[in-house]
Amino acid sequence: MPRLTDRSHLSHADVVLFGLGYATLIFTVIYYVTGLHAAFRAGFAIEDGPVEWGTAVCLLLSSLVLVRNAVALRGRGVVLVALTALYALAFFFAAGEEISWGYRLFDRAAPAFFVENNAQGETNLHNLVVGDVKLVKTVFGGGLSLVILLYLLVLPLVYGRIGGLGRIVDRLAIPVADTRHMILALAATVVILAVQMMTKWESYEFVFSLLTVSIFLRPHNAAQVT
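In what follows, the accompanying structure is described.

About the criteria used
- Residues numbered from 1 in each chain as written.
- Predicted model: local features only at pLDDT ≥ 70, side-chain atom pairs only at ≥ 80, totals over all residues.
- Heavy atoms only, no water.
- Helix = DSSP H or I, 4+ residues; strand = E, 2+ residues; numbered from the N terminus.
- Expected span 1.5 Å × (residues − 1).
- Buried < 20%, exposed > 50% of the residue type's maximum accessible area, 1.4 Å probe, protein only.
- Contact = heavy atoms within 4.5 Å.
- Axes fitted to C-alpha atoms, helices over the stretch in contact; angles between N-to-C directions.
- Parallel < 35°, antiparallel > 145°, perpendicular 65-115°, else oblique.
- Left-handed = near helix turned anticlockwise from the far one by under 90°.

1. Remarks on helix 4 (residues 78-98)
Taking 1.5 Å per residue, 21 residues should reach 30 Å; helix 4 reaches 30 Å between its end C-alpha atoms and fits that length. Taken as a whole, helix 4 has its buried residues at L80, L83, T84, A88, F91, A95, G96, E97 and E98. Taken together, the buried residues of helix 4 touch helix 3 (50-72), helix 7 (163-171), helix 9 (200-217) and helix 10 (222-225). Two residues or fewer past helix 4, S100 is found with a positive phi of approximately 50 degrees.

Written as structure tokens, this is what we have:
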């Protein structure tokens, strides 16, 4: 049976992260029920606005925490270190994609390739159009959302209950969400499914990025992956 850590209380980091997460959901609901959909789209969830930048910052923080975890795993085997470093690289990539690698920040024109092949003319891969296929809807769309929900809501339930699966998860150095993460993930999913606003997914992405920081800092299987 995998060894677990004592998570009976919230850390100071979790107080901030979960506070921001629930506040984001509350604000999203308020904008929706008051009919301020245009204000939500043009303010709270605007491109390059507070929510999008918050997501990018938290994705970068997640990457840095994973780098810290990789360093802490030295002596536990090169596979654990390499996998954790790979996850860190993936989150660094996600952070860069979120802000189009700084091109909008520094008001730089996108290269010709992205102007011609990107649905929004931005310097990122997730909005690329290959033929008639939009990657944001195929690779980065419903399939990715399903994987995220399985990670946040299903994996924590089966980890530790199916011994073989738990050992595989630990050998892959996958940090497992805890109950507190599952509750926030479920609340965010309910809110996003309930509200009908064009840019509601910005709130969802921000909550997810807050969750990953918290999970990587203090996962359910901390003894195995940190």
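2. Some details on the environment of V51
Residue placement: V51 occurs in helix 3. Under the relative-accessibility criterion, V51 is labelled buried at 3%. It is 8.6 Å that separates the C-alpha atoms of V51 and E205, two residues lying 154 residues apart in sequence. With sequence-adjacent residues up to four places away left out, V51 is seen in contact with F44, E202, S203 and F206.

3. A closer look at the packing of helix 3 against helix 4
At a closest axis distance of 8 Å, the pairing of helix 3 and helix 4 adopts a crossing angle of 165 degrees. Taken as axis vectors, helix 3 and helix 4 run roughly antiparallel relative to one another. Classified by chirality, the crossing of helix 4 by helix 3 is left-handed. Seen from helix 3, the contacting residues are E52, T55, A56, L59, L60, S62, S63, L66, V67, N69 and A70; seen from helix 4, they are V81, T84, A85, Y87, A88, F91, F92, A94, A95 and E98.

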